[in-house]
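An overview of the molecular structure
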Amino acid sequence: MPDLLKKLRERLRAIPPAGVDFAIALAVLIGQTVPFLFTRRMSGPEPWALAEYWPVLASSLPLLLRRRFPMTVFVVVAAASAVYSLKDPDIPPQPIPYGWLAGLYTVAELCPGWQRALAILLSLAPGFTVSPATFVRSALTAAAAYVMGRAVVQHREYAALVEERAAERERARIARDMHDILAHGISVMIVQAEAGPYAVRNAPERAERAFRAIADTGREAQGQLRRMLNLLRDADSARAPQPTLGGLPDLVARVSETGPAVRLAVAGTPAALPADAEVAAYRIVQEALTNMVKHAQAATGEVRLDWKDDELMITISDDGRGPAPGGGGHGLVGMRERAAACGGAVTYGAGSTGFEVVVRLPVGEPA
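One structure accompanies this document, and this report is about it. Positions within a chain are numbered from 1, following the residues in the order the chain's sequence is written. pLDDT decides what is reported in this predicted model: residues at 70 or higher carry local features, side-chain atom pairs at 80 or more are listed and counted, and totals for whole chains, interfaces and linings draw on all residues regardless. Only hydrogens and water are set aside; all other atoms, that is, all heavy atoms of the structure, feed into the side-chain values.

Another aspect to go through is the overall build of the chain. In terms of regular secondary structure, the chain is built from 11 helices and five strands. Categorising residues by exposure relies on relative accessible area from a 1.4 Å probe, with only protein chains included: less than 20% of the type maximum marks a residue as buried, more than 50% marks it as exposed, and the intermediate range marks it as partly exposed. Relative to its full complement of 367 residues, the chain shows a buried share of 38%. Contact definition: two residues touch when any of their heavy atoms are within 4.5 Å. Long-range contacts, defined here as pairs at least 24 residues apart, represent 72% of the contacts in the chain between residues at least 6 apart. Accessible surface area values rest on a Shrake-Rupley calculation with a 1.4 Å probe, where residue burial reflects the displayed protein chains alone. In the structure as shown, the chain presents an accessible area of about 20,900 Å², 63% of it carried by carbon and sulfur atoms. Segments assigned H or I by DSSP are reported as helices when at least four residues long, segments assigned E as strands when at least two residues long, and all are numbered from the N terminus.

The structure is reproduced here in structure tokens:
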């Protein structure tokens, strides 16, 4: 049922504005013509004349232009409705002035404040010449039409605000991804490049591995950056593959080739992670390894995945010194933001041998 309603809303939104205005004008015309079809003239069997029917046309057909000239259309429609109510009582009465209500709704939706106030005064003014019951009924219907028009405006503004905030969150996510990609790739390449001259002189095989790792890291960073930039250009590229836990062995291997000797350990039964948590886990590990390479001056490190019944605990530890006191920068803050967005948490600080980052993410069913 929700999918059916969603499809119906999408189809209604696909109707062009001119089509919507035509449907409204046609519905008002039909609604105000019905009394002429099912009511007999009290004075005799003669058919209704065009002179008696023209206020119906004047209170419905102008609605075709309601978006271009909302206030003008309202005045014309309201005047036609008033003329109709003052004509010969032999004419069939209109239970509801549909055209006038549609015009007032349009003014409430599209016009500035002073025009809305004027439309309300024009709507209520004729009511003082009728009975109190009729005045109350007219006031309530006018209020309903006006409130509906303003509600559409509020909904549109709220939808725009939600869309803007979603876009801001997406830009922030992409910015964090780009930070992680560049920081990791550049840090690994710098460490390997610095070790290159020594390896060329003393261990040519190791130098070859270092240069190959530099090229591989650069190509991977280039590919991930291209996907990030495509996200900014084309929403369809959001289907491009994102990094997951399956990429951790390669990530750890690249760091270990010329940086700290990092090993990957897995405990427990792996379970399904939500897609956003998979990306977050990979990026957090990537950022932690980047910090290990840049700041820790570590010789060894470990990435440990502990699968529990309701969470995945990832521990990234090393035997280095960790960040400087009072430091941390944007990387550690980004880790916390990524985990929090998935319902998880990140803690970091001194470990048993050096620095340690602990990530907790909720999991689903066993994979």
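A word on the packing of aromatic side chains. Side-chain rings of Phe, Tyr and Trp, where Trp is taken by its six-membered ring, are said to pair if the distance between their centres is within 6.5 Å; with planes under 30 degrees apart they count as stacked, over 60 as edge-to-face, and otherwise as tilted. Summed over the entire model, instances satisfying the criterion amount to one aromatic pair. Both rings, one in Tyr 348 and one in Phe 355, keep their centres 6.5 Å apart while their planes meet at 35 degrees; by these two values the pair is tilted. For Phe 355, a relative accessible area of 14% translates into the label buried.

In this section: the environment of Gly 334. Structurally, Gly 334 can be placed in helix H11 (residues 329-341). Its relative accessible area of 11% is what places Gly 334 among the buried residues. Separated by 157 residues in the primary sequence, Gly 334 and Asp 177 place their C-alpha atoms 9.5 Å from one another.

Let us now look at the side chain of Arg 66. When you line up the elements, Arg 66 lands in the loop between helix H3 (50-58) and helix H4 (70-86). Residue classification places Arg 66 among the buried positions, given a relative accessible area of 3%. What qualifies as a polar contact is a pair of N or O atoms within 3.5 Å, subject to a donor-acceptor requirement within protein and to the restriction that residues adjacent in sequence count only when both atoms come from side chains. There is a polar contact of 2.8 Å between the side chain of Arg 66 and the side chain of Asp 21. Here the side chain of Arg 66 touches Thr 106 through a polar contact of 2.8 Å, side chain to side chain.

It is worth spelling out helix H5 (residues 98-110) at this point. The end-to-end C-alpha distance of H5 is 18 Å, a good match for the 18 Å that 13 residues give at a rise of 1.5 Å each. When H5 is considered as a whole, its buried residues turn out to be Gly 99, Trp 100, Leu 101, Ala 102, Gly 103, Leu 104, Thr 106, Val 107, Ala 108 and Glu 109. The length a helix should cover is 1.5 Å for every residue beyond the first.

Moving on to the pairing of strand S3 (residues 311-318). With eight of its eight residues buried, S3 lies for the most part within the structure. Strand pairing is assigned whenever DSSP identifies at least 2 bridges connecting the two strands. Strand direction decides the pairing type here: strand S2 (residues 300-307) and S3, joined by seven bridges, are antiparallel. The partner of Gly 301 across the bridge, within S3, is Asp 318. Hairpin connection from S2 to S3: three residues lie between these consecutive antiparallel strands.

With mixed pairing, the five strands of this open sheet are ordered in space as S1-S2-S3-S5-S4. A single partner strand is all that each edge strand has here, and the edge strands are strand S1 (261-267) and strand S4 (345-350). Each strand of the sheet is rotated relative to its neighbour by a mean of 10 degrees, with strand direction disregarded. Lines fitted to the C-alpha atoms define the axes, with helices restricted to the stretch that makes contact. Angles between their N-to-C directions range from 0 to 180 degrees. Its contacts with the sheet put helix H10 (residues 275-296) on S1, S2, S3, S4 and strand S5 (355-362), and the angle it makes with S3 is roughly 10 degrees.

What follows concerns the side chain of Gln 115. Of note, Gln 115 is situated in helix H6 (residues 113-124). Setting aside chain neighbours within four positions, we find Gln 115 in contact with Met 71 and Val 107.

In this structure, Leu 289, Val 303, Ile 314 and Ile 316 are the most contacted members of the largest nonpolar core, which totals 37 residues. Elements supplying a minimum of two residues to this core: helix H9 (248-258), H10, S2, S3, H11 and S5. The greatest single-element share of this core, amounting to 11 residues, is contributed by H10. With residues near it in sequence (within four places) discarded, Ile 316 still touches Val 285, Ala 288, Leu 289, Met 292, Glu 302, Val 303, Phe 355, Glu 356, Val 357 and Val 359. Definition used in this section: a nonpolar core is a set of buried Ala, Val, Leu, Ile, Met, Phe, Trp, Tyr and Cys residues joined via side-chain atoms within 4.5 Å.

For Ala 125, the position within the fold is in the loop between H6 and helix H7 (132-202). C-alpha separation for the pair Ala 125 and Phe 135, spaced 10 residues apart in sequence, amounts to 9.5 Å.

Quick look at the pattern of salt bridges now. Put simply, a salt bridge is a Lys or Arg side-chain nitrogen that is within 4 Å of an Asp or Glu carboxyl oxygen. For the structure on display, the rule yields six salt bridges. Here Asp 21 and Arg 66 are joined by a salt bridge, their closest N and O atoms 2.8 Å apart. One end of the pair, Asp 21, is in helix H2 (residues 17-38); the other, Arg 66, is in the loop between H3 and H4, and 45 residues separate them in sequence. Residue Asp 21 is classed as buried on the basis of its relative accessible area, which comes to 4%. One salt bridge in this structure joins Asp 306 and Arg 304, with 3.0 Å as the shortest N-O distance. Judged by its relative accessible area of 29%, Arg 304 falls in the partly exposed class.

Before going further, it helps to examine H10. Across its 22 residues, H10 extends 30 Å between first and last C-alpha, which sits within 8% of the 32 Å expected from 1.5 Å per residue. Taken from the residues just after H10, Gln 297 is the one with a positive phi, measuring 50 degrees.

Here seven bridges tie S1 to S2, and the two strands are oriented parallel to one another. Bridging across to S2, Val 262 finds its partner in Gly 301. Each parallel crossover has a hand, and for S1 linked through H10 to S2 it is left-handed. Handedness of a crossover is defined as follows: with both strands directed away from the viewer, a clockwise route from the first strand across the helix to the second makes it right-handed.

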